[in-house]
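# Observations on the three-dimensional arrangement
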Amino acid sequence: MADTDGNIDSHDYYLDTPQTDTPLPLKGCNSLDWGMKNRLANIFDPKTGRTVMLAVDHGYFMGPTTGLERIDVTINPLLQYANTLMCTRGILRSTIPPTFNKGVVLRASGGPSILKEISDERIAVDMEDALRLNVAAVAVQVFIGGEFETTSVHNMTRLVDAGNRYGMPVLGVTAVGKQMARDAKYMRLATRMCAELGCTYVKTYYVEKDFDTVAAACPVPIVIAGGKKQPEIDALTMAYNAIQQGAAGVDMGRNIFQSDAPAAMIQAVSRVVHEDMVPKEAFEYYETLKNAK
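First, a word on scope: everything that follows refers to the structure included in this document. What you are looking at is a predicted structure, and each value in this text was computed from that prediction instead of being measured.

### Some points on the overall build of the protein
Check the secondary structure of the protein and you find 12 helices and 10 strands. Computed over the C-alpha atoms, the radius of gyration of the protein is 20 Å, within 12% of the 19 Å expected from 2.2 N^0.38 for a compact globule of 293 residues. Taking the principal axes of the C-alpha coordinates as reference, the protein spans close to 70 × 50 × 40 Å. Counting only contacts in the protein whose residues sit at least 6 apart along the sequence, the fraction spanning at least 24 positions is 67%.

Below is the structure:
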C-alpha cells in the first residue's frame, strides 16, 4: 500500500483537453477486446495497418521444404525484417530464439501429409498451449469446397470460440484444392465464410481479376498468400497489386526463403507493403541489396 504521508493533492485534470483514444487501424476490429487488439498490434504495424508475415509452417504437412531444411540457419536471420512469423509450435520451441519479440501466428490445425487427402485436418493445438507460447494469433486451414469442408469449418469455429474466451485472434486460411477454380467468385465465398463465422482476419490467394471485390466483400482484414516461387519482380508485383486493391498485408514464404537473396527480398516486400513502393523500384531496391554483399 502506498504511503500517504506527504501526499500531494491532485490538480492536473487538463479540463480543456478531451480524452483521446488511439484506434487500431484495422477494419472490422473496433469491437474487439483490448487484449485481442493488442495481439493484433503485434501482427499489423499500427502505423500502416499492414503486415509482412514470414510463413515457415510448410513442414507441418510437407516435411523439410527447400529453404526450410535448417530454419536456424536460413530463417532466423530474416526475423528482424518481418512483422510476424507464422510457424508451428514444434519449430517455435525448438528453433526460434525466445528473444524474438514480434508477433507469432501459430499453426493450429493439421493431420494429413501431402501423401493423403490434405483437407482431412483436425485442431492440432490446444488454446492453452498457444497462450503458454505467448503467440499473437492461431491459424486454421479451411477447405471450402473440399472433401472435408464441414470438418475444417468446425475446426475453425471451435478455435474462434476458444479464441474469444481467451482473447486470441484466429486467422482463417483458405485452401484451394486441385479441382477448385482459383477465381474471385470462389475467393469471395471462402473469405466471407471465414469472416462470417468469426475469424479475426483471413489469408487467401491473390487473383488478378476482381481481387478488389474479394477485399471489399470481406469485413475483416485480408492478407494474401505468397504461393509457389515466382521470379522476384513477379512476386513484388503481386504484393503491390494486392495491397493497392485492399489487402492488409502478405504472408510470404517460398517467394522469400527460396529467393536468391532472401534478406534482400523480404526488405523489398516490406517497402511495397508499408510504403507503397512500386514493383520496378522495389525490384531495383532488391537488386541493390543483393549486390551489396
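### Focus on a nonpolar patch on the surface
A cluster of nonpolar side chains, namely Met62, Ile114, Leu115 and Ile118, defines an oily patch on the protein surface of about 380 Å² accessible area. For Leu115, the location among the structural elements is in the loop between β4 (109–110) and β5 (122–123).

### Notes on the layout of surface pockets
Computed from the structure, the second largest pocket encloses a volume of approximately 360 Å³. Lining the second largest pocket are 17 residues, with Phe100, Lys102, Val104, Leu133 and Asn134 sitting closest to its centre. Mapped by element, the contributors of at least two residues to the lining of the second largest pocket are α1 (34–40), α4 (89–94) and β3 (103–107). Split into classes, the residues belonging to the lining of the second largest pocket amount to 9 nonpolar, 5 polar and 3 charged.

### Things to note about helix α7 (residues 184–196)
For α7, which comprises 13 residues, the first-to-last C-alpha distance of 18 Å matches the rise-based estimate of 18 Å (1.5 Å per residue) to within 8%. Taken together, the buried positions of α7 are Ala184, Tyr186, Met187, Ala190, Thr191, Cys194 and Ala195. For α7, the arc enclosing every buried residue in end-on projection is 155°, short of the 170-degree limit, so these residues lie on one face. The outward face of α7, more than 90 degrees from its buried face, is lined by the exposed residues Lys185 and Glu196.

### So, the pairing of strand β6 (residues 137–142)
Buried residues dominate β6, accounting for 6 of its 6 residues. The alternating pattern of β6 places Ala137, Ala139 and Gln141 and Val138, Val140 and Val142 on opposite faces, both of which are buried. With 3 bridges connecting them, β3 and β6 associate as parallel partners. Among the inter-strand pairings, Arg107 is bridged to a residue of β6, identified as Ala139. As paired strands, β6 and strand β7 (residues 170–174) are joined by 5 bridges and run parallel to one another. Within the sheet, the bridge partner assigned to Val142 lies in β7 and is Thr174.

### A word on the pattern of salt bridges
Enumeration over the complete set of coordinates arrives at 13 salt bridges. The salt bridge partner of Asp129 is Arg132, with a shortest N-O separation of 2.7 Å. Within this pair, Asp129 and its partner Arg132 are both found in helix α5 (residues 127–132), separated by 3 residues, close to a single helical turn. Judged by relative accessible area, which is 8%, Asp129 ranks as buried. Taking the shortest distance from any N to any O, the salt bridge between Lys290 and Asp260 comes out at 3.9 Å. Residue Lys290 is located in helix α12 (residues 279–291), and its partner Asp260 is located in the loop between α10 (254–257) and α11 (262–275); the two are separated by 30 residues in the primary sequence. With a relative accessible area of 28%, Lys290 lands in the partly exposed category. A residue is classified by how much of its surface remains accessible, and Asp260, at 65% relative accessible area, is exposed. Several salt bridges converge on common partners, so that one network encompasses Arg89, Arg93, Asp129 and Arg132.

### Section: the pairing of strand β1 (residues 51–55)
Burial analysis of β1 places 5 of its 5 residues in the buried class, the great majority of the element. Burial along β1 is two-sided: the residues Thr51, Met53 and Ala55 and Val52 and Leu54 are all buried. The sheet contact formed by β1 and strand β10 (residues 249–252) spans 4 bridges and is parallel. In the sheet register, Met53 faces β10, and the bridge partner there is Asp251. Pairing between β1 and strand β2 (residues 84–87): 3 bridges, direction parallel.

### Looking at the nonpolar core
One broad trend across soluble globular proteins is that nonpolar side chains are buried collectively. Among the nonpolar cores identified, the biggest contains 74 residues, and Leu54, Ile75, Leu85, Val135, Val138 and Phe211 are the most heavily contacted of them. Broken down by element, this core gets its largest block of residues, 8 residues, from α11. Look past the residues within four positions of Val138 in its chain and what remains in contact with it is Val105, Leu106, Ala108, Met127, Ala130, Met168, Pro169, Val170 and Leu171. Counting 17 residues, the second-largest nonpolar core is a separate cluster that includes Leu26, Cys29, Leu40 and Val173.

### Digging into the environment of Pro98
Within the element layout of this structure, Pro98 appears in the loop between α4 and β3. For Pro98, a relative accessible area of 81% translates into the label exposed.

Cut-offs used in this document
- Within each chain, residue numbers correspond to sequence positions counted from 1 in written order.
- pLDDT decides what is reported in this predicted model: residues at 70 or higher carry local features, side-chain atom pairs at 80 or more are listed and counted, and totals for whole chains, interfaces and linings draw on all residues regardless.
- Derived side-chain values reflect all non-hydrogen atoms in the structure, with water molecules and hydrogen atoms excluded from consideration.
- Secondary structure elements are taken from DSSP: a helix is a run of H or I of four residues or more, a strand is a run of E of two residues or more, and numbering for both begins at the N terminus.
- Values of the radius of gyration come from C-alpha atoms, whereas the globule rule sets the reference at 2.2 Å times the count of residues to the power 0.38.
- What makes two residues a contact is simply this: any of their non-hydrogen atoms within 4.5 Å.
- Each patch is assembled from residues with relative accessible area greater than 30% and no salt bridge, linking like charges that lie within 9 Å and nonpolar side chains (Val, Leu, Ile, Met, Phe, Trp, Tyr) that lie within 5 Å.
- The method behind every accessible area is Shrake-Rupley, applied with a 1.4 Å probe, and residues are considered shielded solely by the protein chains displayed.
- Note on definitions: salt bridges are taken to be side-chain nitrogens of Lys or Arg within 4 Å of carboxyl oxygens of Asp or Glu.
- We place a 1 Å grid over just the protein atoms. Points where a 1.4 Å probe fits but has no way out form a cavity, open points with protein on both sides within 12 Å along at least 5 of 7 lines form a pocket, and any residue with an atom within 4 Å of a point lines it.
- Grid points are joined across faces, edges and corners, and a volume is the space filled by probe spheres set on the points.
- Under this grouping Gly is polar, as are all residues other than the nonpolar Ala, Val, Leu, Ile, Met, Phe, Trp, Tyr, Cys and Pro and the charged Asp, Glu, Lys and Arg.
- For a helix, the expected span equals 1.5 Å multiplied by the number of residues minus one.
- Here's how the labels work: a residue is buried when its accessible area is under 20% of the maximum for its type, exposed when over 50%, partly exposed in between, all with a 1.4 Å probe on protein chains only.
- Think of it as the arc spanned by the lines of direction from the helix axis to the C-beta atoms.
- Pairing between strands requires that DSSP locate at least two bridges from one strand to the other.
- Nonpolar core, defined: a set of buried Ala, Val, Leu, Ile, Met, Phe, Trp, Tyr and Cys residues in which side-chain atoms within 4.5 Å join the residues together.

In short, geometric facts, not functional conclusions.
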